Every structure is written in structure tokens, then in C-alpha cells.
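Each chain, written out:
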Amino acid sequence: MATKLSELMLDMETGDACMEDAYIASAKGKIAVSHAIFEAAYKNYELPDDGQFVCYVESDQEGIPTESEKAAGTACAAVGQELSAFLDATVETAKKIKTSAEKDLKTLIAIGKKVGVTMSESFDKEFATPLGQEICSEGRLTLSANKFMKSKNSCKIAKAYTKGCVYTLAAFGISVDLPEAVKDFVSVDTAAGTVDSIKKVESKLSDGGRAFAIGDVGTTNIATASDITDLALAVYTCANVADAVIKACDGSSKKDAIANVNSFCNGDGKISRTHHAINGDIKKYMSNLEKIGTTVASGFTDAVYALMETISKK
Amino acid sequence: MTIKLSDFILEQSISDASTIDIMLEQAEAELEVSIKLAEAYAKQLTMEYITDDGKEDVVTEADDETAVDATAPAPEKTDTAYDDAKDSGKKVGNAVGNAAAKAGNKVAGFVKSIFGAIIGFFKGIGGRLLKLEDDVVKNGDKVAYSVANMSDEQAYNLYKTLEAKYGENGARTLALYNPANTQQYLANLSNALDDLSNGIDRWIDSVMEGGPIYSHLFNTGRVLDKENDPRFKGATIRFDQIFEEFKNKISAIKLTKFESSESNVEAPSGAEFKANLQEYIRYYKSKDARRFIKAIREKADKIANHFNDWQRKRGLHYEAGKLSTSYRGGDKPNYNAARELLSKVTNAINDCKQEISYISSLYENLKKCAANINNNVPGASANAGTAIAIKEKAPAY
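Here the structure is a predicted model, which is why all the values come from computation and not from measurement.

A. Region of the structure containing the overall build of chain A. Within chain A, the regular secondary structure consists of 11 helices and 3 strands. Out of the 314 residues in chain A, the part that is buried amounts to 59%. Expressed as a percentage of contacts within chain A between residues at least 6 apart in sequence, the contacts between residues at least 24 apart total 83%. Carbon and sulfur atoms make up 46% of the accessible area of chain A, which amounts to about 12,100 Å² in all.

B. Region of interest: the overall build of chain B. A tally of regular secondary structure across chain B gives 14 helices and 1 strand. Evaluated residue by residue, chain B yields a buried proportion of 51% over its 397 residues. Residue pairs in contact within chain B that sit at least 24 positions apart in sequence constitute 88% of those at least 6 positions apart. When the accessible surface of chain B is totalled, it reaches about 17,400 Å², and 48% of it is carbon and sulfur.

C. Quick look at the environment of L158(B). All names here are of chain B. Positionally, L158 belongs in helix α5 (residues 152-166). Given the relative accessible area of 1%, L158 is considered buried. Residues L158 and G270, spaced 112 residues apart in sequence, show a C-alpha to C-alpha distance of 8.5 Å.

D. Structural view of the nonpolar core. With 107 residues, the main nonpolar core has L83(A), Y161(A) and L307(A) as its most contacted residues. Sorting elements by how many residues they give to this core places helix α4 (residues 68-115) of chain A first, with 20 residues. Those residues within four positions of Y161(A) in sequence are excluded, and the remaining contacts are A94(A), I97(A), F212(A), C238(A), V241(A), A242(A) and I292(A). Core analysis: the second largest hydrophobic core is formed by 6 residues, V147(B), A155(B), L158(B) and L277(B) among them.

E. Representation of the packing of aromatic side chains in the model. Residues and elements named next belong to chain A. Enumeration according to the criterion identifies 5 aromatic pairs over all chains in this entry. The structure contains a cluster of three or more aromatic residues connected by ring pairs, namely F38, Y42 and Y45. The cationic tip of K159 hangs over the ring face of F185; the distance from NZ or CZ to the ring centre is 5.5 Å.

F. Molecular detail of the confidence of the model for chain B. Residues and elements named next belong to chain B. Overall, the prediction assigns chain B a mean pLDDT of 55, with 16% of residues at 70 or greater. Taken element by element, chain B is modelled with least confidence in helix α14 (residues 384-393), mean pLDDT 28, and with most confidence in helix α10 (residues 270-285), mean pLDDT 72. Residue range residues 53-100 is modelled with pLDDT below 50. Its contacts to residues more than four positions away, or to other chains, number 104 contacts. Here residues 229-240 is modelled with pLDDT under 50, and outside its nearest four sequence neighbours on either side it reaches 28 contacts, counting other chains as well. What the predictor reports for the complex is a pTM of 0.68 with an ipTM of 0.88.

G. A look at the packing of α4(A) against helix α10 (residues 253-262) of chain A. Residue and element names in this part refer to chain A. At a minimum axis distance of 9 Å, the contact between α4 and α10 shows a crossing angle of 155 degrees. Judged by the inter-axis angle, α4 sits roughly antiparallel to α10. Judged by the twist between their axes, the crossing of α4 over α10 is right-handed. Side by side, α4 and α10 meet where G80, Q81, L83, S84, L87, D88 and V91 of the first sit next to K254, I258, V261 and N262 of the second. Of the residues that constitute the contact of α4 with α10, the class distribution is 5 nonpolar, 4 polar and 2 charged.

H. Layout of the pattern of salt bridges. Residue and element names in this part refer to chain A. Applying the stated criterion to the full structure yields 14 salt bridges over all chains. Residue D16 pairs with K96 through a salt bridge whose shortest N-O separation is 3.5 Å. Here K96 lies in helix α4 and D16 lies in the loop between α1 (5-13) and α2 (19-46), a separation of 80 residues in the sequence. Residue class for D16 comes out partly exposed when judged on its relative accessible area of 29%. For D243, the salt bridge is made with K98, and the minimal N-O distance between the two is 3.7 Å. In this pair, D243 is assigned in helix α9 (residues 225-248) and K98 in helix α4, connecting sequence segments 145 residues apart. The pair D243 / K98 is uniform in exposure class, with both members buried. Each of K98, E102, D243 and K247 takes part in salt bridges that share partners, so that together they form one network.

I. Spotlight on α9(A). Relative to the 34 Å expected for 24 residues at 1.5 Å per residue, α9(A) spans 34 Å between its end C-alpha atoms, a close match to the ideal helical length. Of all 24 residues in α9(A), 21 are buried; the element is thus mostly enclosed.

J. Looking closely at the environment of I31(A). Residues and elements named next belong to chain A. Here I31 is to be found in helix α2. Classification of I31 as buried rests on a relative accessible area of 1%. Linking I31 and Q81, residues 50 residues apart in sequence, is a C-alpha distance of 7.2 Å. Residues within four places of I31 in sequence aside, it is in contact with E82, A85, F86, I282, K283 and M286.

K. Structural detail: the packing of helix α5 (residues 123-135) of chain A against α9(A). Residues and elements named next belong to chain A. It is the contact of α5 with α9, at a shortest axis distance of 7 Å, that shows an interaxial angle of 145 degrees. Classified by chirality, the crossing of α9 by α5 is right-handed. Where α5 abuts α9, its residues F123, D124, A128, T129, L131, G132, Q133 and I135 lie against A225, I228, T229, A232, L233 and Y236. The class makeup of the residues in the contact of α5 with α9 is 9 nonpolar, 4 polar and 1 charged.

What counts as what
- The written sequence of each chain sets the order in which its residues are numbered from 1.
- As a convention, the first chain written is A and the first ligand written is 1, with the rest following in written order.
- Under the rules for a predicted model, residues below a pLDDT of 70 receive no local features and side-chain atom pairs below 80 are neither given nor counted, while totals for whole chains, interfaces and linings still include all residues.
- In computing side-chain values, all of the structure's heavy atoms are included and hydrogens and water are not.
- Labels follow the DSSP assignment, with helices taken as runs of H or I lasting at least four residues and strands as runs of E lasting at least two, numbered in each case from the N terminus.
- Partly exposed residues are those whose accessible area sits between 20% and 50% of the maximum for their type, while under 20% is buried and over 50% is exposed, using a 1.4 Å probe and protein chains only.
- Whether two residues are in contact is decided by their heavy atoms: any pair within 4.5 Å suffices.
- Where accessible areas are quoted, they stem from the Shrake-Rupley method and a 1.4 Å probe; at the residue level, only the protein chains shown are allowed to cover.
- Residues enter a nonpolar core if they are buried and are Ala, Val, Leu, Ile, Met, Phe, Trp, Tyr or Cys, with the set joined through side-chain atoms within 4.5 Å.
- Put simply, two rings from Phe, Tyr or Trp (the six-membered ring, in Trp's case) pair if the centres are within 6.5 Å, and we call them stacked under 30 degrees between planes, edge-to-face over 60, tilted for the rest.
- Working rule: Lys NZ or Arg CZ, within 6 Å of ring centre, within 35 degrees of ring normal, means a charge sits over the ring.
- Every residue gets a pLDDT, meaning the predictor's confidence in that residue, from 0 to 100.
- Here an angle of 0 to 180 degrees is reported between the N-to-C directions of two axes, which are lines fitted to C-alpha atoms, with helices fitted over the stretch in contact.
- Each angle gets one of four labels, with under 35 degrees taken as roughly parallel, over 145 as roughly antiparallel, 65 to 115 as roughly perpendicular, and the rest as oblique.
- Here a crossing is called left-handed whenever its near helix is offset anticlockwise from the far helix by less than a right angle, and right-handed whenever the offset is clockwise.
- When residues are grouped by polarity, Ala, Val, Leu, Ile, Met, Phe, Trp, Tyr, Cys and Pro land in nonpolar, Asp, Glu, Lys and Arg in charged, and all others, Gly among them, in polar.
- We define a salt bridge as a contact between a side-chain nitrogen of Lys or Arg and a carboxyl oxygen of Asp or Glu at a distance within 4 Å.
- By this rule, a helix spans an expected 1.5 Å times one less than how many residues it contains.

Pasting the structure below:
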């Protein structure tokens, strides 16, 4: 299917809002609500059953159990809801990123056509590298907008996104099948291994949630050949990782994984430190995921758009 | 129910979590989802508008000869919005009616989601006020007890702690302790909610019964000729005006926030600060203040319920569909009007979000002050260990 460049540019220019944003917001909301339920139930769990507490009166009205054992069950079930919502958010973010990165890739291919570089088997050696060299054949390129990313930033984002996705899905026992080119770019073990306890879930989720963190991402209006090559590789990586995440969670695999993880969230009358740790950190992980999703969707697109805009004017 | 201070402190030592937080988070989530939907609709409509009107030259590059081969590595499918826009563009050329229906459906979807957002917003306000009231009930006696046992020197140290911790906001926090300011804030908020409630009543009445355009549409379901029928223009303006009015009513609450100009307050002596704190607590613990907060919450709830009732009685989907028909022209969809509507209403909702943050800030400041008092006054530390000692001194309430 051929796509008009003008339509691609129009799509990029009108922003990155998409229906997936609503699903991501919904998952984020589910995490926040479940977090609040956990906190309310945890308080009841910790307090003596026979005391007279304001929170008991409130809980009775809202249907949160006040008896310790039942409150533990509610709190742990809330952790299960948080986990399933985080997986939903990861998959919906992957859909958003896939859509966006594909547009960026098509635009890069169009830029390649303009400068005489065509796509072939090896994306990095036969496209990304010559693309950067050809565009910067006369030295560094000054862009019309200060929206380009240096190599260190684009690579950091692509690697963080890849590792974050692989580890997060591993927390649910889901392995991600990545292309060799991506594995070469990001050194990561994609085998999920067996997930048979809440501790394993927490450990891998912690790795994933932290890996998504990218910190501040600066932009520039100066591009070198290696910056352009690395941006192309980063976009390519994110598109493929997002695609792999969607495929890995397709069909019943996501449902089965959530059911498995939820089986560790029945509480058994106690709230473990592990449940507490997941509840304590998952909002931070969600924030990391949200930021990296936005950065890939709008940051990469802005960088590619700025490159296209400059090359068109040359 | 009588609750001992020791039980209260034990409860607070675990966390300040409350079931009200659950409701607040739910309301926030509804609001966020609705806004994200509105933004996605807005992008789709913008793209369709540009595609439809053949204005591709607004983009930098319209070199159609560089059509991109979408084979590997770029996956074959493009995004939904893009496909929609492209498909819609073709339909406009080939079958105007289909595109008009599509635009109408998008506006209908947006109107539906925006009603959800508005309801979520008012639920949020109601919930926050409930939390504020709840906190006053919970913390009022504790704070009063702490302050009553404070020396002037301790009071002065507390003030300096606040100032050091919050910088200029320390002075703002001090202003917050002034009962006159608090009372004025609540009064303004109450008045703004009254105005808003009345405005919404008039808005709903006008939508349902007021304008000839709507009664005409409701009665006949006819699609109007937007160029030749003056009622179409009138209705568009009316609808926009209504939302503008709604936004203004919401913005009125903004007047009540604590402005930075209030930071020119001189630092009080320990005795003055203590007296001020006591006055503030006296006011906040008074039945008047609690009645005030309750009344505000009830007003916010009433507005939320009003929307809910309207939605239930009239059938929101049906009404949204009817409203959207005013954005369908006789020849092609009126994207421009729809985009303007989206923009105005999205702005109004974003303003509403801003107001929520002011109300949250009031509440958060109250909590910070209470926490500082309890952390800085001997004997008032909120941990279970000292609860027993306090129990001997403090009366049950």
C-alpha cells in the first residue's frame, strides 16, 4: 500500500492524539483507583478488629472489609488489578508507539528516496548508516527547528523502551520475540522464564518499571551523520519492539498471564511485603511508561519531521 | 460514635488513606479518559477538515511523487486516524452523505464523552470538599489540642519551620491560616457554584426547549441547509455561547485562589501566630464552617446529579446524536464548526481541571499545616507510642 508523503506529514503535524490515549488513561485510572483501595484496605488490615475507628465507619459505607483477613484479601486483589492494568497500559502504549514509529519510518524512507538511499535487507548497514552519511555528506546539518535528538538520547530511549517492555512482560511470564537486528542493538535476554510466585512478579516488574525511566531528553537543531543513523535505528527498534509486544499479548496469552499473576494475589489472609512493594511502586512505573510512550510518539516524530522539513527546503 | 484521640492517632499513624480517595481517583480517571477521547476526535476532525477542503499545502511537503513504499521494514497498516482521514476524504468526493454522517457521529461521540467529563469534574469537586470536611472533623480536635499546648516560642518556631520549608508559600500558608481568608474562599466558591448551577439549568433548558433550531430538529429530524437557513447559524452561535458561558462560570472560582500578592504579610510573633492559629481552628471547628463546607459539597453534588438526571431521562446518546446534526450541512460536513466546538469545550474542561487543582491545593495546604503542627509540637507527634500518654490528657470527642 502506497502512502502519500503529504498525508503522512499532515498526520504528523496534527499531533499524536489517538484512541489508545484513552485506553492508556483508563489503565492509569484503574491503577490509581486500585491503589486507593489497597491503601484503605491496608489500613483496616493493620488496625485491631475490635477498635472504633473513623475508617471503619467509612469502609462500611463503601463496602471495604474491616476484618483483617478479609481486608487483606481486598488489598491483594487490588494489587492484582494494578498488575493487569499495567499490562494493559504497556500493550496500549505499544499500539500507540507502533502507529507513530511506522509513520516515522515511512518518512525516513521517503527522505532516503530524496537523497538516493533505498531500503534493502539490512536496515542498519544498508539504510540507516548510508542515510546519515548521505544527508551529512557536506558536514553537519543545521535543522530549521530545535527538535532533533542527539544519538545519546535516541539510543537511550530505544534501549529503555526495549528493556522496559521485555522485563515487564517477563513479570507476566510472557516472552517477547525480537528481530535479530533489535537484539544486536539492545543487548537483552528476552526469555521470560517461569513466574510462579508474587516475588518473581515483583522482581521482574521492578526491573521493567525502572527500565522505562528515561529522565530528561534534550533536543537540538544540529544533526551529525551518526545522530541521523541512530535516530533511524531507534525508530526502527521501537516500531519492532512495539509490534513484538502486541503480538506477544495477542489472543489468549495476555488473559492467561493475568490469570496466572492474579492467582498470587489471593492474599491468604495476609498482605506480604511484596504486595506492598508492588502497590508502592506501580504508580511510579506507570508514570515512567507514560513518559516514554509520549517521548517516542511525539519526540521521535518531531525529530523526523524537523529532518524532513529541512531536507525538503534544501 | 465517640472516637478516642488515641484511636484517632493510631489510625493516622498507619496512613491518612480514606475511602474517599477511591471516589476521587475514579472521578479523575473519568475526566482524563474523556479528555483523551476528545483530543483524539479533535485530531481526526482536523485531518478530515484539511483533507476535505484540499488544503494539503498547509503542510511543508506535498510531493506526491515520493509515495512511500510501505513494504518492509515499515509495517503495512497505517494508524486509524490516518486511514479514517483518507477514507473520509474519498467519501467526501464520492458520497457526501456518508462523510457527513461520519462527522456527525464524531461530534456525537465527543458530546457524549464531554458530558462524562463534566460529570466526572463535579464528582471530583464534591469528593474533594467531602474530604476537606472529613479532614476537619478528624484533625480539628487534634490540631486544637496541639496548639492550645504550644508555647509562644514553639509557635514562632513552627512558623519559621513553615517559612523555611515552603519559602514564599510559607507566607501564603500563613494567609491560609487567616479565618477571614478561608471564610471568603468558601463564600466565593459557594457563590460560583450557585451561578454555575443556574447557568447549567438555563443551558439545558435552552438546548432542550429554547432555540427554534433544536425544536425544529427534534420535531422533524430534518438536515438543514447550512448556507441558506439562518437558523443553522443562530444555533451554532448559541451552542458556542453556551459553552463559553459555562467556561466563564467555572473560571469565576479562580478568583478565590490565594494570590502571590498576599505574601507581603509580615512575619508574626509567636504569640500572634498562636492566636491566629487558634482563631483559625475555632472557625474551622465551628458548626458554621462545617455547614458551609457541607452546603458547598451538596451544591457540587447537585450539579453532578443534574447532569446524570438529564442523561438518564433524555437518553444521552439520542440527544448527542441530535445535537450533532446541527453540525451537518446540506452539502458536506461542517468540519469547521465542529472543530471550533471541540476546541472551545476542550478549553473549558481544561480550565475546569485547573480549578480542581486550586481546590486540591487548599486541601493540601491544610494537611501540610496539620502535619507540621503535629511534627513540631511536643506531645502531638502522630505515632502510636505517644498515643497512650496523650490519651490521659485529651478528652474524647
